[in-house]
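# Coordinate inspection notes
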Amino acid sequence: MAASSSSNFHHAYKCLIFIFLATFFLPSEAAVKNYQFDIQVTNVSRLCHAKPIVTVNGMYPGPTIYAREGDRVVINVTNHAQYNISIHWHGLKQYRNGWADGPAYVTQCPIQTGNSYVYDFNVTGQRGTLWWHAHISWLRATVYGAIVIMPKEGTSYPFPQPHLEESIVLGEWWNTDVETLVKQGNQLGLPPNMSDAHTINGKPGPLFPCSEKHTYAMEVEQGKTYLLRVINAALNDELFFGIAGHSMTVVEIDAVYVKPFTTSSILIAPGQTTNVLVRADQPPNRYFMATRTFMDVPIPVDNKTATAIFQYKGVPNTIIPSLPQLPAPNDTSYALSYNRKLRSLNTPQFPAKVPLKVDRKLFFTIGLGANPCPTCVNGTRFTASLNNITFVMPKTALLQAHYFNMSGVFKTDFPDKPPKPFNYTGAPLTANLRTVQSTMPRLSKIAFNSTVELVLQDTNLLSVESHPFHLHGYNFFVVGTGVGNFDPAKDPTKFNLVDPPERNTVGVPTGGWTAIRFRADNPGVWFMHCHLELHTGWGLKIAFVVEDGPRPEYSVLPPPKDLPQC
């Protein structure tokens with residue numbers, strides 16, 4: 001009896017060991033990551049000014065979302081603030097699930113004060129750095145945070161494993177209430193005041209008054225390599241970023257791996273993310289990380305430098321850090337050459353599936369203008385347009401109207417090209433083309449699974465300027481870019497159709513053009529807009545209606561039960 005008992009014990013013990021080892025070594029099942037986001041007003045002090053700001057869970061910046069490729073993420077957002085709110089998970093493709101995308105009045109009505117909404121989505125085929133932010137009015141000035149998607153269990157990075165990873169979120173700070181500024185600007189027909197400082201992880205750094213304690217510091221060890229996940233959450237500024245004395249190796253943009261290259265500074269537009277490897281290979285000291293604006297036309301911007309500290313272990317805090325040599329604020333050639341270095345990794349494991357055949361060609365001109373406004377200061381109000389059309393926000397969410405076949409909410413007659421060709425980037429065009437402002441939004445309808453080529457062309461209406469455009473629901477390939485007017489006969493012959501960068505937000509160069517391609521395989525209504533909040537507010541935006549596919553599994557999913565109503 002004792003021998004039998006002992007045998008059973010050893011058998012059970014072996015089974016337990018086997019189960020433990022199997023659990024430890026086999027890839028884990030996709031997990032469900034749950035988060036609670038409480039939108040609340042919190043008093044925060046920066047630059048000798050204290051003010052109430054809208055935050056998530058009282059944090060500025062907000063909490064980081066952590067997930068693995070393949071996970072399901074469930075985030076309950078409860079609105080305790082006085083403003084309506086919605087949250088966009090920037091760069092997540094949300095396949096068939098526009099209900100979780102977040103732009104107010106496009107895929108959902110905003111979450112009203114006292115109400116909640118659950119964002120429920122899967123992270124499919126994506127890994128890397130993305131971010132989230134409020135997507136209504138200018139609330140993303142303080143309501144934003146990082147999204148870190150780790151590769152599947154057992155899958156490594158296609159670059160050396162770093163010793164440590166850190167999120168570096170670049171932002172802007174206003175001393176006064178941002179929503180009040182925007183309201184005043186709209187009433188006067190003028191741009192709101194520019195920000196008072198840039199920030200790194202919510203802190204402006206010691207070059208600003210009252211900011212000794214408002215300085216972000218990262219401790220590093222000699223000889224070790226670090227992965228910095230850099231996010232530009234600023235509202236209106238493209239930014240340079242660098243670290244004094246250290247080079248950076250770019251390995252990823254917008255959660256897509258790239259062919260690594262080394263640089264002293266990166267250029268990052270609002271909405272974009274860039275992962276860089278940094279080796280702590282300099283004499284132990286304190287070094288400034290710094291960021292400031294890139295703007296290559298004479299438009300007023302916040303040109304002040306925000307700093308954080310890259311601090312070697314054991315070095316006393318009394319040592320004053322050195323500043324990096326960032327490019328000049330108007331260094332166009334640096335900006336163009338930096339963007340030319342970005343190439344998709346394009347390996348068997350991470351291929352660049354560039355559409356080679358194009359079903360639909362679109363050409364959108366970007367214009368700034370001034371429309372009559374009798375109550376405004378100068379009798380005019382700034383507007384912005386694509387193909388001379390200023391987008392009008394609806395009062396009902398466009399995806400709801402599309403899904404439930406509601407009439408009278410939008411039209412699908414947005415033109416594939418501008419109404420009148422002209423010398424887009426020639427001498428300044430002070431004569432206003434008077435943008436068209438219709439009574440309802442005009443959308444562009446795209447056939448399911450068709451391939452689209454879109455050329456975004458800057459114009460010299462009022463002024464040329466760089467514009468970062470973000471497409472919701474998709475990544476796209478940046479197949480070409482250039483300065484001046486796009487030449488449909490010559491420029492396509494120079495397109496990169498082998499390893500172009502794949503991203504979700506792209507900068508259209510000042511007085512130039514950018515060509516992107518994507519396959520319209522994600523049905524629904526998807527927003528595309530300039531990620532300069534100033535221009536979005538002026539109407540520099542559009543939405544695409546991507547039709548359902550031939551089978552139910554290629555159609556928009558049914559809406560959740562708690563979908564907010566307008």
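Computed from a predicted model, the values in this text were never measured in an experiment.

## Quick word on the nonpolar core
- Counting 45 residues, the largest nonpolar core has I87, W89, Y119, F121, W132 and L398 as the members making the most contacts within it.
- Each of domain 1 (28-157) and domain 3 (360-554) accounts for three or more of the residues forming this core.
- Core analysis: the next-biggest nonpolar cluster, separate from the first, contains 40 residues, L170, V220, A244 and F294 among them.

## A word on the packing of aromatic side chains
- The full count for this structure, using the stated rule, is 33 aromatic pairs.
- On the basis of an interplanar angle of 40 degrees and a centroid distance of 5.8 Å, the ring pair of W89 and F121 is categorised as tilted. Residue W89 is found in strand β5 (residues 87-90), and its partner F121 is found in strand β6 (residues 116-122); the two are separated by 32 residues along the sequence. Each of the two residues, W89 as well as F121, counts as buried.
- Here the aromatic rings of W138 and W174 are separated by 6.0 Å at their centres, their planes lie at 65 degrees, and the arrangement is edge-to-face. Linking W138 in the loop between β7 (128-134) and β8 (144-150) with W174 in the loop between β9 (164-173) and α2 (178-188), this pair joins segments that are 36 residues apart in sequence. In this pair, the class of W138 matches that of W174, namely buried.
- For K51, the ring lying beneath its charged end belongs to W173, and the centroid distance is 4.5 Å.

## So, the domain arrangement of the chain
- Per the domain assignment, the segments of the chain are domain 1 (28-157), domain 2 (159-344) and domain 3 (360-554).
- In this structure, domain 1 and domain 2 have C-alpha centres spaced 22 Å apart.
- With 28 residues of domain 1 at the interface, the matching set in domain 2 holds 44 residues.
- For the pair domain 1 and domain 2, the summed buried surface comes to about 3300 Å²; carbon and sulfur atoms form 62% of the total.
- Summed over the three residues of domain 1 that lose the most area to domain 2, namely L47, W138 and Y157, the buried surface amounts to 27% of that side.
- If you look at where domain 1 meets domain 2, you find zero salt bridges.
- Across the domain 1-domain 2 interface, the total number found is 20 residue pairs in polar contact (both at pLDDT 80 or more).
- Every element with two or more residues in the side of domain 1 that touches domain 2 is listed here: β1 (32-46), β2 (49-56), β7 and β8.
- Tallied by class, residues from the side of domain 1 that touches domain 2 come to 18 nonpolar, six polar and four charged.

## A word on the pattern of salt bridges
- Overall, the coordinates contain 18 salt bridges when judged by the stated rule.
- For D120, the salt bridge is made with R72, and the minimal N-O distance between the two is 2.6 Å. Of the two residues, D120 sits in strand β6 while R72 sits in strand β4 (residues 72-79), which places them 48 residues apart along the sequence.
- For R517, the salt bridge goes to E453, with nearest N and O atoms at 2.8 Å. Of this pair, R517 sits in strand β28 (residues 512-519) while E453 sits in strand β23 (residues 451-458), placing them 64 residues apart in sequence.
- The exposure class of E453 is buried, given its relative accessible area of 4%.
- Connected through shared salt-bridge partners, K259, R343 and D499 make up one network.

Scoring rules and cut-offs
Residues numbered from 1 in each chain as written. Predicted model: local features only at pLDDT ≥ 70, side-chain atom pairs only at ≥ 80, totals over all residues. Heavy atoms only, no water. Core = buried A, V, L, I, M, F, W, Y, C linked by side-chain atoms within 4.5 Å. Buried < 20%, exposed > 50% of the residue type's maximum accessible area, 1.4 Å probe, protein only. Domains from an automatic or database assignment. Phe/Tyr/Trp six-rings, centres within 6.5 Å; stacked < 30°, edge-to-face > 60°. Helix = DSSP H or I, 4+ residues; strand = E, 2+ residues; numbered from the N terminus. Lys NZ or Arg CZ within 6 Å of the ring centre and 35° of its normal. Contact = heavy atoms within 4.5 Å. Buried area = accessible area lost by both parts, 1.4 Å probe. Salt bridge = Lys/Arg side-chain N within 4 Å of Asp/Glu carboxyl O. Polar contact = N/O pair within 3.5 Å; in protein donor to acceptor, adjacent residues only side chain to side chain. Nonpolar A, V, L, I, M, F, W, Y, C, P; charged D, E, K, R; others polar.

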